[in-house]
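Next come the chains, spelled out residue by residue.
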Amino acid sequence: MSRLCQLGTGVRFAEIVATRPTADSLAATYVAIDTALSAGDFGAAIAGWELARREWSTWSSLVHLRFAQNTADKQAKADLDYTDALAPEAADLETSLKRRLLAVEQRPMLAALVGEYPLRLWATDVTTFDPSIKPDLEAESKLIARYTELLASARVTISAQTVNLSGLGPYAQHPDRGIRYQAELARWGFFTEHAGELDSIYGQLVALRHGMAKKLGYETFTPLGYRLLRRIDYGPEHVARYRDQVLRHVVPLVGRLLEDRRVANGWDKLRFWDEALIDPAGNPSPIGDHDVLVSAAQTMFDKMDPRLAAFCNLLFSGGFTDLKNRPGKAGGGFCTSFPTVGMPFIFANFNGTHDDIGVFTHEMGHAFQNWQSRHHTSSDCLWPTMEAAEINSMGLEFLSYPRIGYLVGEAAADRFRRMHLLGALSFLPYGVCVDHFQHEVYAHPDASAAERHAMWQRLERLYMPWSNYGDVAFLNKGGRWQAKPHIYGSPFYYIDYTLALCCAMQFWVRSRRDYQAALNSYVELCGRGGSAPFQDLVRSAGLISPFSEGALAGVVAEATAFLGI
Ligand SMILES: [Zn+2]
């Protein structure tokens, strides 16, 4: 077992220490790396850089996590601001070193040390940064933090209870139609109250991103956005063709599903707040709260696979999760990691709905991949690019189907599987709409807030023609996208979920024929981590690229047959 494979074993989250970096300490580290390089000692230079990158990454992950855990904590916010200000300095040093490494004459020696693929990634990375954009990067981080903080500050009242946006979850999918409606009124009431600031934050982000792209020599932010996501094997034209496949193969199907739901429930019209009630008998919910679910999850993974079981045990026993919703906590769920110790961390906001199960199995997939990849020597391979990473997460959601009864109760297991699959299909039109919207936004960076809202409405009519917002004015004015953090904080990321879903569903199809073979192939894919570009990883697992004509239609046909729709 190599040193890297021993990473993580026996570590506890509370014991992780990260030295607070300064501009001087970072500069001194890179001087030492440069000196080793000048002396021709590639081995020492690369080893020193790898350590520096892991230390920075662990520090940055801790700071971002602590802010997300309590956005009202002044010290956490101060540390975040400090790190956001320092990050462009770190990026400057790292980019200069990548440029120097890419220019060395001994490229074969370098490739032997780090691999060919990281060199291709660096060649992309160096086109995304220039010292002239440092102040813009800091300003961008501040705006994203402000958006997170604003949403985390929401306190809304529903059924005489005060809750945050995550806490609205059970009401938003309540079997009682009136309660679902009240939940959406409460949610969008908060957004209406902050409409001006939400428009202002996004307007500033778009202007900053467009400005950075211009400084770097691009016409718009779009090519820069793709490069920042390290997409080296496909471009906007591939993504546009994929959106078109969703439009042809999925939009009519989801329209039909929703119409069936309307008729079955005897509603005159299907409203926006009816879409979340997927199961007419009430969406199956977890068998219990946090503690019950955590214990059941361990049992589920024990039954599924010894590799998943052992990792799940390490994660829980080491304290690498924060899953309970509470006031001031940032919304959503994510997985982050601390590469100095080789362990990931799962963040979520359990609210007692089926989303707890979806989020947990999803983030567990990310965490397991990161763990399985810990033997990679280059930081560039610890995580895949995001569309590939979402196969690892969504793949585990589907591969958990046979044992999901442990989390939802055996009596509700069939209903859960059906609900999850229907939810996956219904997600695709929304997912591509969010992506198309961003392509429009960055193609027209001078658009006003009202024009951006009109862009959303146009696309919404194309991809989700069934959307009926009743009398919720904020939604009728094209504001739905403003609740989606990815649009503010992670431009162009969203399509990744839809691309990955096409691949994760292929794992599901295979698992129905030979479960163990599908699971083994999944675990092997996790172990390859980020060692290759998206489509190579997809092919390595025997899956068909979503960009191939027919890939999406194939899984949709299989799902349709399974659901009997
Ligand atoms: Zn994910």
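Now for a quick tour of the structure. Treat the numbers as computed from the prediction; the structure is a model and nothing was measured.

Basis of the calculations
Residues numbered from 1 in each chain as written. Predicted model: local features only at pLDDT ≥ 70, side-chain atom pairs only at ≥ 80, totals over all residues. Heavy atoms only, no water. Helix = DSSP H or I, 4+ residues; strand = E, 2+ residues; numbered from the N terminus. Rg over C-alpha atoms; globule rule 2.2 N^0.38 Å. Buried < 20%, exposed > 50% of the residue type's maximum accessible area, 1.4 Å probe, protein only. Contact = heavy atoms within 4.5 Å. Areas by Shrake-Rupley, 256 points an atom, 1.4 Å probe, with all protein chains shown as cover. Lys, Arg positive; Asp, Glu negative; His and termini not counted. Charge placed at Lys NZ, Arg CZ, Asp CG, Glu CD. Axes fitted to C-alpha atoms, helices over the stretch in contact; angles between N-to-C directions. Parallel < 35°, antiparallel > 145°, perpendicular 65-115°, else oblique. Left-handed = near helix turned anticlockwise from the far one by under 90°. Nonpolar A, V, L, I, M, F, W, Y, C, P; charged D, E, K, R; others polar. Pairing = 2+ DSSP bridges. 1 Å grid on protein atoms, 1.4 Å probe; cavity = no way out; pocket = protein on both sides within 12 Å on 5 of 7 lines; lining within 4 Å. Points joined across faces, edges and corners; volume = space filled by probe spheres on them. Donors = N, O, S within 2.8 Å, 3.2 Å for Na, K, Ca; no water. Tetrahedral: all angles 85-135°; square planar, octahedral: opposite > 155°, others 65-115°.

The number of helices and strands found in the chain is 25 helices and 5 strands. Relative to a compact globule of 565 residues, whose C-alpha radius of gyration would be 24 Å, the chain shows 23 Å and is just as compact. In terms of principal-axis extent, the alpha carbons of the chain reach across some 80 × 55 × 45 Å. Burial statistics for the chain: of 565 residues in total, 57% are counted as buried. Across the chain, every contact between residues at least 6 apart in sequence was considered, and the portion connecting residues at least 24 apart equals 76%. Carbon and sulfur atoms make up 54% of the accessible area of the chain, which amounts to about 21,900 Å² in all. Within the chain, one finds 55 positive and 62 negative side-chain charges whose respective centroids are separated by 3 Å.

As a further point, take the packing of helix H3 (residues 74–102) against helix H5 (residues 116–125). Running from N to C, H3 and H5 cross one another at 125 degrees; their axes reach a closest spacing of 10 Å. The orientation of H3 relative to H5 falls into the category oblique. Crossing of H3 against H5: the hand is left-handed. On H5, the residues that touch Lys98, Leu101 and Leu102 of H3 are Leu119, Trp122, Ala123 and Asp125. Considered class by class, the residues forming the contact of H3 with H5 number 5 nonpolar, no polar and 2 charged.

Looking now at the sheet that holds strand S3 (residues 321–324). Pairing is mixed across the open sheet formed by 3 strands, whose spatial order is S3-S5-S4. What marks the edges here is a single partner per strand, and that holds for S3 and strand S4 (334–338). Put simply, the sheet's adjacent strands are angled 15 degrees from each other on average, direction ignored. Pairing of S3 with strand S5 (residues 343–350), which is carried by 3 bridges, proceeds in the parallel orientation.

Another point: empty space enclosed by the protein. Tallied over the full model, the rule gives 2 cavities of 30 Å³ or more. For the largest cavity, the calculated volume is near 70 Å³. Together, 10 residues line the largest cavity, and Pro339, Gly342, Asn370, Arg374 and Leu382 are the ones closest to its centre. One number sums up the size of the second largest cavity: a volume of about 30 Å³. Surrounding the second largest cavity, Tyr117, Arg230, Arg231, Ile232, Asp233, Tyr234, Thr385, Glu387, Pro533 and Phe534 form its lining. Broken down by class, the residue content of the lining of the second largest cavity amounts to 5 nonpolar, 1 polar and 4 charged.

A word on the side chain of Asp84. Relative to the assigned elements, Asp84 resides in helix H3. With near-sequence residues (within four places) excluded, Asp84 lies in contact with His64, Glu138, Ser141 and Lys142.

This brings us to the layout of surface pockets. Estimates place the volume of the second largest pocket at around 240 Å³. What lines the second largest pocket is a set of 14 residues, and nearest its centre among them are Arg261, Ile278, Pro280, Arg418 and Leu422. If you list the elements that add at least two residues to the lining of the second largest pocket, you get helix H12 (251–265) and helix H18 (413–443). Here the lining of the second largest pocket gets 5 residues from one element, more than from any other, and that element is H12. In the lining of the second largest pocket, the residues fall into 8 nonpolar, 1 polar and 5 charged.

Below, the discussion takes up the coordination of the zinc ion. Protein ligation of the zinc ion involves His362 (NE2), His366 (NE2), Glu390 (OE) and Glu390 (OE), the donor distances falling in the range 2.1 to 2.6 Å. Between the 4 donor atoms coordinating the zinc ion, the angles at the centre fall across 53 to 141 degrees, so the site counts as irregular.

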